Every structure is written in structure tokens, then in C-alpha cells.
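# Topology and contacts: notes
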Amino acid sequence: MKIEEPYWDESTSMSNAIARKLSVIQEKGAMKSIDVANLLKARPETVSRWNQGKAFPRPDAEKQLLALEFVIDQLSDIYEPQEARMWLYSPQRLLQNRSPAELFQEGRAQEVIAAVNQIRDSVHI
């Protein structure tokens, strides 16, 4: 009797990777799909489809999603999930008193990453 290999394709791998990124954002950043959708200028239903592997983010949304997951992961070394979420939505002196969430919505994730790096450099982990 021949045992068949499980079906594997690039889209399955991609959908699993996106779902893992969304899971990290949810767990380490106490964020819901609606939060992610608002930050990435997407509809909550769209984020849900990404999570289920039924759709994939546009290239610009994917880039922002990856940056958001990176920021949340970095913040998780310093903050508890609720604190990381509050940091994202609070004005930050390092960002000229703008919130990281605003900058994400404007596609300016690199500025948020730079601010997180400054914070991490000043905190001994």
C-alpha cells in the first residue's frame, strides 16, 4: 500500500506564514483582527481571509504586516501584550508626539521601527 505525501504548495506555505504572523501580533500585542485591519487600511474581513489562507495581502499590505509583526515582537521583550498595544496607540516623543499606529496607517513603518530600536538600545534586556 502506497502512502501519499501530504499536498504541499507555495500558497499553503504562504498562508501558514501569514497566519503565524497574525498570531504573533495577536498574542504578543493584544491586538484583534480589526486593529490589524485599521493599521493596514484593510477590511477586517480581509484580514480574516488572510488568516484562513483564503486570500493574500497586497504587496504593500504584506510589507506593513511584516513590519507590524516585527515591531510587536521587539516590543514583547520590553512590554506585556496590553502595554505593547497601548504603546502603539499612544503619542510617542520619539515620533514627534504621533502614535505609531498613525504612522503605520500612513505607510511609515520604518520610523516606528527606528523608534523601537532606540527604545531597545536604551533598555537593558
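So, a few notes on the structure that sits alongside this text.

About the cut-offs
- Residues numbered from 1 in each chain as written.
- Predicted model: local features only at pLDDT ≥ 70, side-chain atom pairs only at ≥ 80, totals over all residues.
- Heavy atoms only, no water.
- Core = buried A, V, L, I, M, F, W, Y, C linked by side-chain atoms within 4.5 Å.
- Buried < 20%, exposed > 50% of the residue type's maximum accessible area, 1.4 Å probe, protein only.
- Helix = DSSP H or I, 4+ residues; strand = E, 2+ residues; numbered from the N terminus.
- Salt bridge = Lys/Arg side-chain N within 4 Å of Asp/Glu carboxyl O.
- Axes fitted to C-alpha atoms, helices over the stretch in contact; angles between N-to-C directions.
- Parallel < 35°, antiparallel > 145°, perpendicular 65-115°, else oblique.
- Left-handed = near helix turned anticlockwise from the far one by under 90°.
- Contact = heavy atoms within 4.5 Å.
- Nonpolar A, V, L, I, M, F, W, Y, C, P; charged D, E, K, R; others polar.

## Let's talk about the nonpolar core
As a rule of thumb, soluble globular proteins bury nonpolar side chains together. Residues Trp50, Val71 and Phe104 are the most contacted members of the largest nonpolar core, which totals 32 residues. Those elements that provide at least two residues to this core are α1 (10–29), α2 (33–40), α3 (44–52), α4 (59–75), α5 (81–89), α6 (100–105) and α7 (109–122). Among the elements that line this core, the one with the most residues is α4, at seven residues.

## Here's the deal with the pattern of salt bridges
As enumerated under the stated definition, the model contains 10 salt bridges in all. One salt bridge connects lysine 28 with aspartate 73, and the closest N-O pair in it is separated by 2.5 Å. You can see lysine 28 sitting in helix α1 and its partner aspartate 73 sitting in helix α4, a full 45 residues away along the chain. We note a salt bridge from glutamate 102 to arginine 98, for which the minimum N-O separation is 3.4 Å. Relative accessible area serves as the criterion here: at 32%, glutamate 102 is assigned to the partly exposed category. Note on arginine 98: relative accessible area 23%, which makes it partly exposed. One connected set of salt bridges, linked through shared partners, spans Arg98, Glu102, Glu106, Arg108 and Glu111.

## Some thoughts on the packing of α4 against α5
Packing of α4 against α5 brings their axes to within 10 Å, and their N-to-C directions diverge by 125 degrees. With respect to each other, α4 and α5 are oriented oblique. The two elements α4 and α5 cross, and the hand of that crossing is right-handed. On α5, the residues that touch Leu68, Val71, Ile72 and Leu75 of α4 are Ala84, Trp87 and Leu88.

## Regarding the packing of α2 against α3
The N-to-C vectors of α2 and α3 enclose an angle of 110 degrees; their axes lie 8 Å apart at closest approach. Regarding the angle of α2 to α3, the classification is roughly perpendicular. For the element pair α2 and α3, the recorded crossing hand is right-handed. For the pair formed by α2 and α3, the contact residues are Ser33, Ile34, Val36, Ala37 and Leu40 on the first element and Pro44, Val47 and Trp50 on the second. Across the contact of α2 with α3, the residue classes tally to seven nonpolar, one polar and no charged.

## Focus: α2
What α2 keeps buried is the set Asp35, Val36, Ala37, Leu39 and Leu40. With its phi angle positive at about 55 degrees, lysine 41 sits one or two positions after the end of α2.

## Considerations on unusual backbone geometry
Of note, the phi angle at glutamine 96 is positive, near 55 degrees, even though the residue is not glycine. Of note, glutamine 96 is situated in the loop between α5 and α6. Accessibility expressed as a relative area gives 60% for glutamine 96, which makes it exposed. The backbone of asparagine 97 sits at a positive phi, close to 65 degrees, despite the residue not being glycine.

## Details of the side chain of glutamine 64
Considering the arrangement of structural elements, one finds glutamine 64 in helix α4. A relative accessible area of 12% means that glutamine 64 is categorised as buried. Apart from residues lying up to four places away in sequence, glutamine 64 is in contact with Leu40, Phe104, Gly107, Arg108 and Ala109.

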